[in-house]
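# An overview of the molecular structure
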Amino acid sequence: MKKAALGKPVPDAAVQATSGKTFRLHDLMGQHAVLYFYPKDNTPGCTLEGQDFRDRYKQFQKLKTAVYGISRDSLSSHEKFKASLKFPFELIADADEKLCRLFDVIREKSLYGKKYLGVDRSTFILDQDGVVRREFRGVKVKGHVDEVLTEIRKLQTPASKK
């Protein structure tokens, strides 16, 4: 399977979203998109990150940018998480790790000395042609959404278009 790479169009992939529809990467063409990968629903950092995207969602809309949260949780878990926090954007259920592997966000982690494979908190910005224009890996939640908005504004200024 091909991997998503900075400066390259993303390969297409299809997974389930909270909308009840199939989410396809190629359906994002024609707009900017933010794909943020997070480890697990209903955990402190993931809840804060989702709330930050929710609270700034209108700014993303003004920039004609779609937002999608992605984790390995089930669709049922995502539906509850989205409803309880009133997320205005879709959450993508990637239980089989199709998108996680495509964007190379599965990393070895350690908890209390025990090693396991988990999702590295990461965000990717795609342009209207489906090209990965910016990636953030090992994301720290505080201030991250503002950083993403700044990068989208830079991408949309005439000087950044080549």
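Before reading on, note that the structure itself is shown above.
Computed from a predicted model, the values in this text were never measured in an experiment.

## Quick word on the environment of Tyr-36
By the element assignment, Tyr-36 lies in strand β3 (residues 32-37). Among the residues examined, Tyr-36 registers a relative accessible area of 0% and is labelled buried. Considering only alpha carbons, one finds Tyr-36 and Phe-87, 51 residues apart in sequence, at a separation of 14 Å. Excluding its chain neighbours within four sequence positions, the residues that come into contact with Tyr-36 are Glu-49, Gly-50, Phe-53, Val-67, Tyr-68, Gly-69, Ile-70, Phe-89, Leu-91, Ser-122 and Thr-123.

## Concerning the nonpolar core
By size, the foremost hydrophobic cluster in this structure holds 25 residues, and its most contacted members are Phe-23, Leu-25, Leu-35, Phe-37, Leu-99 and Phe-103. Counting only elements with at least two residues in this core, the list comes to β1 (14-17), β3, β4 (65-71), α4 (98-102) and β8 (122-126). When residues no more than four places from it in sequence are discounted, the contact partners of Leu-25 are Val-10, Pro-11, Asp-12, Ala-13, Leu-35, Leu-99, Leu-102 and Phe-103. Counting residues in each nonpolar core, the second largest holds 21 residues, with Cys-46, Phe-81, Phe-89 and Val-145 among its members.

## Quick notes on the side chain of Ser-122
Note that Ser-122 resides in strand β8. Here Asp-120 takes part through its backbone oxygen, which lies 2.8 Å from a polar atom of the side chain of Ser-122. In contact with Ser-122, other than residues within four places in its own chain, are Leu-35, Tyr-36, Phe-37, Val-105, Phe-136, Arg-137, Gly-138 and Val-139.

## Some remarks on a nonpolar patch on the surface
The grouping of Leu-111, Tyr-112 and Tyr-116 at the surface amounts to a nonpolar patch, some 400 Å² of accessible area in total. Structurally, the position occupied by Tyr-112 is in the loop between β6 (106-111) and β7 (114-119). The exposure class of Tyr-112 is exposed, given its relative accessible area of 81%.

## Some thoughts on the sheet that holds β3
Ordered in space as β2-β1-β5-β4-β3-β8-β9, the seven strands form an open sheet in which the pairing is mixed. Looking at the sheet topology across the chains shown, the edges are occupied by β2 (22-24) and β9 (132-136). Looking at each pair of strands side by side, their axes are set apart by 30 degrees on average, direction ignored. Sheet topology places β3 next to β4; six bridges connect them, and they run parallel. When the bridges of β4 are listed, His-32 appears paired with Thr-65. In the packing of helix α3 (residues 75-85) onto the sheet, contacts are made with β1, β4 and β5 (90-93), and the angle to β5 comes to roughly 160 degrees. Packing of helix α5 (residues 144-156) onto the sheet brings it into contact with β3, β4, β8 and β9, and relative to β9 it is tilted by some 160 degrees.

## Details of the pattern of salt bridges
All chains considered together, the criterion is met by 14 salt bridges. Among the ionic pairs, Glu-49 bridges to Arg-121, the shortest N-O distance being 2.7 Å. With Glu-49 in helix α1 (residues 44-55) and Arg-121 in the loop between β7 and β8, the pair connects residues that are 72 residues apart, well separated along the chain. Of the residues examined, Glu-49 reaches a relative accessible area of 1% and is grouped as buried. Each of the salt bridges in this network shares a partner with another, and the network as a whole consists of Asp-52, Arg-56 and Asp-146.

## Quick word on the environment of Val-131
Among the secondary structure elements, Val-131 is positioned in the loop between β8 and β9. For the pair formed by Val-131 and His-78, sequence separation is 53 residues and the distance between their alpha carbons is 27 Å. Discounting chain neighbours no more than four positions away, the residues touching Val-131 are Gly-7, Lys-8, Pro-9, Ile-125 and Leu-126.

Parameters at a glance
- Residues numbered from 1 in each chain as written.
- Predicted model: local features only at pLDDT ≥ 70, side-chain atom pairs only at ≥ 80, totals over all residues.
- Heavy atoms only, no water.
- Helix = DSSP H or I, 4+ residues; strand = E, 2+ residues; numbered from the N terminus.
- Buried < 20%, exposed > 50% of the residue type's maximum accessible area, 1.4 Å probe, protein only.
- Contact = heavy atoms within 4.5 Å.
- Core = buried A, V, L, I, M, F, W, Y, C linked by side-chain atoms within 4.5 Å.
- Polar contact = N/O pair within 3.5 Å; in protein donor to acceptor, adjacent residues only side chain to side chain.
- Patch = residues over 30% accessible without salt bridge, like charges linked within 9 Å, V, L, I, M, F, W, Y side chains within 5 Å.
- Areas by Shrake-Rupley, 256 points an atom, 1.4 Å probe, with all protein chains shown as cover.
- Salt bridge = Lys/Arg side-chain N within 4 Å of Asp/Glu carboxyl O.
- Pairing = 2+ DSSP bridges.
- Axes fitted to C-alpha atoms, helices over the stretch in contact; angles between N-to-C directions.

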